[in-house]
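# Topology and contacts: notes
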Amino acid sequence: MEPNVHFNSNSCETKIQMESKTFENKAFEHDDGSLDKTDHFRREDRPGSMYSVRSNASTTSRSSVNCTTGAVRCPNMRLRQFFSYSSETGFQKAEQEIKKILLPEKDGQFIGNWLLIEISNWDFHREKIVLLAEKAFYVISYDFINSKLTGYKRIALDDLKKIKFGILKYPSSSFMGEYKYGAIKLSWDNEENISVFQKWNPLADIPFTIFTSHHILYNDKEKETSIYNCDEFIASLEYVLSKLPQGSNIEFKEEPIEIESYASLSSILFNQNWLGFQLNRNGLNF
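Residues numbered from 1 in each chain as written. Predicted model: local features only at pLDDT ≥ 70, side-chain atom pairs only at ≥ 80, totals over all residues. Heavy atoms only, no water.

## Re the overall build of the protein
Along the backbone of the protein there are 7 helices and 12 strands. Considering the protein as a whole, with its 286 residues, one finds that 53% of them fall into the buried category. Within the protein, contacts between residues separated by at least 24 positions form 73% of all contacts whose residues are at least 6 apart in sequence. Taken as a whole, the protein presents about 13500 Å² of accessible surface, with 50% of it coming from carbon and sulfur. (Helix = DSSP H or I, 4+ residues; strand = E, 2+ residues; numbered from the N terminus. Buried < 20%, exposed > 50% of the residue type's maximum accessible area, 1.4 Å probe, protein only. Contact = heavy atoms within 4.5 Å. Areas by Shrake-Rupley, 256 points an atom, 1.4 Å probe, with all protein chains shown as cover.)

## Regarding unusual backbone geometry
Its identity is not glycine, yet Asp123 carries a phi of approximately 70°, on the positive side. Here Asp123 is to be found in the loop between strand 2 (110-119) and strand 3 (125-133). For Asp123, a relative accessible area of 0% corresponds to the buried category. For Ser147, which is not a glycine, the phi torsion comes out positive at approximately 55°. Relative to the assigned elements, Ser147 resides in the loop between strand 4 (136-143) and strand 5 (148-156).

## What to know about the environment of Pro202
Examined against the element boundaries, Pro202 turns out to sit in the loop between helix 5 (196-200) and strand 8 (208-213). Between the alpha carbons of Pro202 and Asn121 there is a distance of 8.3 Å; along the sequence they are 81 residues apart.

## What to know about helix 7 (residues 265-272)
Of the residues making up helix 7, those classed as buried are Ser267, Phe270 and Asn271. The arc enclosing the buried residues of helix 7, seen along the axis, measures out at 90°, which places them on a common side. Backbone geometry just after helix 7 places Trp274 at a positive phi near 55°. (Arc of directions from axis to C-beta.)

## Concerning the packing of aromatic side chains
By the definition in use, this model includes 11 aromatic pairs. A network of ring pairs unites the aromatic residues Phe82, Trp274 and Phe277 as a single cluster. Lying over the aromatic face of Phe110, Lys99 brings its terminal NZ or CZ to 4.5 Å of the ring centre. We note Lys185 situated over the ring of Phe208; from NZ or CZ to the ring centre the distance is 4.2 Å. (Phe/Tyr/Trp six-rings, centres within 6.5 Å; stacked < 30°, edge-to-face > 60°. Lys NZ or Arg CZ within 6 Å of the ring centre and 35° of its normal.)

## Looking at the nonpolar core
Residues Phe82, Ile129, Ile140, Leu168 and Ile210 are the most contacted members of the largest nonpolar core, which totals 45 residues. Those elements that provide at least two residues to this core are helix 3 (91-98), strand 2, strand 3, strand 4, strand 5 and strand 8. Setting aside residues up to four positions removed in sequence, Ile129 forms contacts with Phe91, Ala94, Ile98, Trp114, Leu115, Tyr138, Val139, Ile140, Tyr142 and Phe144. Counting residues in hydrophobic clusters, the runner-up holds 24 residues, among them Val65, Phe137, Ile234 and Ile250. (Core = buried A, V, L, I, M, F, W, Y, C linked by side-chain atoms within 4.5 Å.)

## Considering the side chain of Asn113
Among the secondary structure elements, Asn113 is positioned in strand 2. At 2.8 Å, the side chain of Asn113 forms a polar contact with the side chain of Glu95. Discounting residues that sit within four places of it in the chain, Asn113 has contacts with Phe91, Glu95, Ile98, Lys99, Val130, Leu131 and Ile227. (Polar contact = N/O pair within 3.5 Å; in protein donor to acceptor, adjacent residues only side chain to side chain.)

## Digging into the pattern of salt bridges
Close approach of charged atoms allows side chains of opposite charge to pair. This model, assessed by the stated rule, comprises 7 salt bridges. A cluster of three or more residues bridged by salt bridges with shared partners is formed by Lys162, Lys164, Glu251, Lys253 and Glu255. (Salt bridge = Lys/Arg side-chain N within 4 Å of Asp/Glu carboxyl O.)

## A closer look at the pairing of strand 3
For a regular strand, the rule is simple: side chains alternate between the two faces of the sheet. The element strand 3 is largely enclosed, with a buried count of 9 among its 9 residues. In strand 3, alternate side chains face the same way, and those of His125, Glu127, Ile129, Leu131 and Ala133 on one face and Arg126, Lys128, Val130 and Leu132 on the other are all buried. Where strand 2 and strand 3 come together, 9 bridges link them in antiparallel fashion. Within strand 3, the residue paired with Phe110 across the bridge is Ala133. Relative to strand 4, strand 3 is paired through 4 bridges, and the arrangement is antiparallel. Pairing of Leu132 across the sheet is with Phe137, part of strand 4. What sits between the antiparallel neighbours strand 3 and strand 4 is a turn of 2 residues. (Pairing = 2+ DSSP bridges.)

## Re helix 6 (residues 230-243)
The first and last C-alpha atoms of helix 6 sit 20 Å apart over 14 residues, in line with the 20 Å expected at 1.5 Å per residue. Judged by how many residues are buried, helix 6 sits mostly within the fold: 10 of 14 residues are covered. Listing the buried residues of helix 6 in full gives Cys230, Asp231, Glu232, Phe233, Ile234, Ala235, Ser236, Leu237, Val240 and Leu241. Of the surrounding elements, those touching the buried residues of helix 6 are strand 2, strand 3, strand 6 (162-169), strand 7 (182-187), strand 8 and strand 9 (251-254). Among the residues of helix 6, the N-terminal cap falls to Asn229, whose side-chain oxygen and the backbone nitrogen of Asp231 are separated by 2.9 Å. (Expected span 1.5 Å × (residues − 1).)

## Details of the environment of Asn146
Secondary-structure assignment places Asn146 in the loop between strand 4 and strand 5. Side chain to side chain, Asn146 and Asp143 meet in a polar contact 2.8 Å long.

Have a look at this one:
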């Protein structure tokens, strides 16, 4: 069943999503030694930072989708560029607005929200807010620079056919390198029903979405902050599905998630230039 899109702003939202692993890993692997060591973000005092409250589901033997080797890092210099991290325009302020789109009679109780990265079928990565309720989840586009919601997609949990989580990978014949972290993929139609036209048309509505943890999670100050952690979203989703009568009919398993990208220069350029994120780019904000 197709998701219900309740809102779309006329403001331009680039259809491409973001990032190839080559970009991200390089972006986070450089040495932080030359950066200012002053702690500008004392977590205990900073509004909006949340200590992770892990559910029972998230402490099971299920594998983490996060990079645990230290190969992915978010240095302080990069952290300060994210508008989503700012105390004036960031996630805490966005939370107040996005909860207004919930339909209590249709969605049930609010469960939680996260700031994650959505990976497109074309391997473009973009910053997204994910809101989870008892009977639906929302994928939300938010303008952190101007503090306004620009669009969202609602998917009823009843419509989900398959959920898988695990390491991200490219096809064996790809020239795109390798990912150093994993993700979760939620499908609301059988992938066999996706036509070649849909798969290779960047404007087509693909009946699945892929999420991974936000880069902010890989900053030393934020590695315990639940709102950037895809593991926390997976645990919460698993819990919610366990409470639905039809939840047991949804396939939920661990296996690699393949991104069908072979030699995509456009996604590499998009991701290496952080175009899926709203950043302070030395005075240019976009």
